[in-house]
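Breakdown of the fold
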Amino acid sequence: MNTHEKYMRKCFQLAKQGLGNVQPNPMVGAVIVYRDTIVGEGYHERFGKAHAEVNAINQVVDNFSNAEEILKESTLYVNLEPCSHFGKTPPCADLIIKHKLQKVVISNIDPFSAVNGKGIEKLKKAGIEVIQDVLRDEGYQVNKRFFTYHSLQRPFVILKWAESQDGFISIAENTRTTISGAEAKVLNHKWRSEEQAILVGTKTVMVDNPVLTVRDWVGSNPVRVIIDRELKLAKDLNIFNSDSKTIVFNNYKTEKVDNIQYIQIDFYGLVPQFILYQLYLMEIQSLIIEGGAYTINEFIQYDLWDEARVFHSKIDLGKGVIAPVLHGLLDSKEDLGDDELFIYHRI
């Protein structure tokens, strides 16, 4: 591993600490290296708060009486191009120029239209050496949600379900069936805390009456997204409580009632596409779809998914609702209690 890769991987490690807290911003980590020693580091901790570069530079300023001299001889490593525009915070590129760092090493260009190369251009014009594309593919994976959102104009879509050893997700229609174990439930709640929204169809709500919040993990609740074409779901169901915002895609109305947002869409068209584009307009960058089989299969049919997380149980049901089938590439397989977890990505 060369020096640039070593410090960039440290940036990735730092950046991931912001997962679930910085959306719709990207996850960014920054490391300042002086004479092959890390003297400052930071990450973007929460949306609206200081960016990674600011936190790293401030750490140097706070810890060293000769901070300005150190910074002038230092290299800044950051996994995403420093911003060059005023948003919730001032441009990071300006701060880097102000402190006269000699070199900036970057993994990925920021695809956001307000940046998209402008930060790099500003640094170069100020005489700062810029090295790009260090571990670019790994950097893309860190911010796969952010890149998908900006390149495809839709959220990053994660499919999730549990199936029996013989390939069923429920023993019968309209019957709640517990398949995966306790470990899978905890992990599922962790996943919910990491994504901006969670979607299920009408039948899943009617059969399971899910809450769709984070309870077995510490983290923020996702926005709940429900497909209820005929608006037939009873208002005393759990998804209508005040625990989190709920979006209801339906055939009749667009209005907001307390924490419930109703959005009318055309159910005679390409429903998954309509839903994803509406969520894109609402700045939702990631969506986890938990069911049911019909809803998941619709997104598979239109190739509108990016990752699938499938729990395989050792139990046999013998009959029931057939589990979704997808054509993806297996990324990993691991044991989780009595289950096996398979993770795929779209080809």
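Let me begin by describing the structure that accompanies this report.

Rules behind the numbers
- Residues numbered from 1 in each chain as written.
- Predicted model: local features only at pLDDT ≥ 70, side-chain atom pairs only at ≥ 80, totals over all residues.
- Heavy atoms only, no water.
- 1 Å grid on protein atoms, 1.4 Å probe; cavity = no way out; pocket = protein on both sides within 12 Å on 5 of 7 lines; lining within 4 Å.
- Points joined across faces, edges and corners; volume = space filled by probe spheres on them.
- Nonpolar A, V, L, I, M, F, W, Y, C, P; charged D, E, K, R; others polar.
- Helix = DSSP H or I, 4+ residues; strand = E, 2+ residues; numbered from the N terminus.
- Expected span 1.5 Å × (residues − 1).
- Buried < 20%, exposed > 50% of the residue type's maximum accessible area, 1.4 Å probe, protein only.
- Arc of directions from axis to C-beta.
- Contact = heavy atoms within 4.5 Å.
- Polar contact = N/O pair within 3.5 Å; in protein donor to acceptor, adjacent residues only side chain to side chain.
- Pairing = 2+ DSSP bridges.
- Axes fitted to C-alpha atoms, helices over the stretch in contact; angles between N-to-C directions.
- Phe/Tyr/Trp six-rings, centres within 6.5 Å; stacked < 30°, edge-to-face > 60°.

Here we come to empty space enclosed by the protein. For the structure shown, the criterion picks out one cavity of 30 Å³ or more. Considering only enclosed or pocket space, the largest cavity measures out at about 80 Å³ in volume. For the largest cavity, the full set of lining residues is Leu19, Gly20, Val22, Gln23, Asn25, Pro26, Met27, Asn143, Arg145, Phe146 and Gln285. When the residues that make up the lining of the largest cavity are grouped by side-chain class, the tally is five nonpolar, five polar and one charged.

Take unusual backbone geometry next. Omega for the peptide link from Gln23 to Pro24 comes to 10 degrees, which places this bond in the cis form. The residue Pro24 is located in the loop between α1 (3-15) and β1 (29-34) in this model. Following Gly291, the chain continues to Gly292 via a peptide bond in cis, the omega torsion being 0 degrees. In this structure, Lys100 is a non-glycine residue whose phi angle is positive, near 60 degrees. When you line up the elements, Lys100 lands in the loop between α4 (92-98) and β4 (103-108). Phi at Asn174 is positive, roughly 60 degrees, even though this residue is not glycine.

Let us now look at α1. Along its 13 residues, α1 runs 19 Å from first to last C-alpha, staying within 8% of the 18 Å computed at 1.5 Å per residue. Along α1, the residues classified as buried are Tyr7, Met8, Cys11, Phe12, Leu14 and Ala15. Within α1, the buried residues cover an arc of 165 degrees as seen down the axis, which keeps them to one side. Here the buried face of α1 lies against β1, β2 (37-43), β3 (75-80), β4 and α6 (136-142). Between the side-chain oxygen of the N-cap and the backbone nitrogen of His4 there are 3.1 Å, and the N-cap of α1 in question is Asn2.

Once that is clear, we can look at the sheet that holds strand β6 (residues 156-163). If you trace the 10 strands from one edge of the open sheet to the other, you get β11-β12-β10-β9-β8-β13-β6-β14-β17-β16, paired in mixed fashion. Every other strand in the sheet has two partners, leaving β11 (255-257) and β16 (328-336) as the edge strands with one partner each. If you compare each strand with its neighbour and ignore which way they point, the axes differ by 20 degrees on average. Sheet topology note: the β11/strand β12 (residues 260-264) ladder contains three bridges and is antiparallel. Each bridged residue has a counterpart across the sheet, and for Val257 the counterpart in β12 is Ile260. This element, helix α10 (residues 271-281), spans β6, β8 (197-201), β9 (223-227), β10 (246-250), β12 and β13 (286-291) of the sheet and lies at about 145 degrees to β10.

The next thing to look at is the packing of aromatic side chains. All chains considered together, the criterion is met by seven aromatic pairs. Ring centres 5.2 Å apart and planes at 45 degrees place the aromatic pair Tyr7 and Tyr77 in the tilted group. Here Tyr7 is found in helix α1, whereas its partner Tyr77 is found in strand β3, with 70 residues between them in sequence. Residue classification places Tyr7 among the buried positions, given a relative accessible area of 5%. In this structure Tyr77 comes out as buried when scored by relative accessible area, which is 3%. Judged by centre distance (5.7 Å) and plane angle (25 degrees), the rings of Tyr277 and Tyr280 are stacked. In this pair, Tyr277 and Tyr280 are both assigned in helix α10, three residues apart and thus about one turn of the helix distant.

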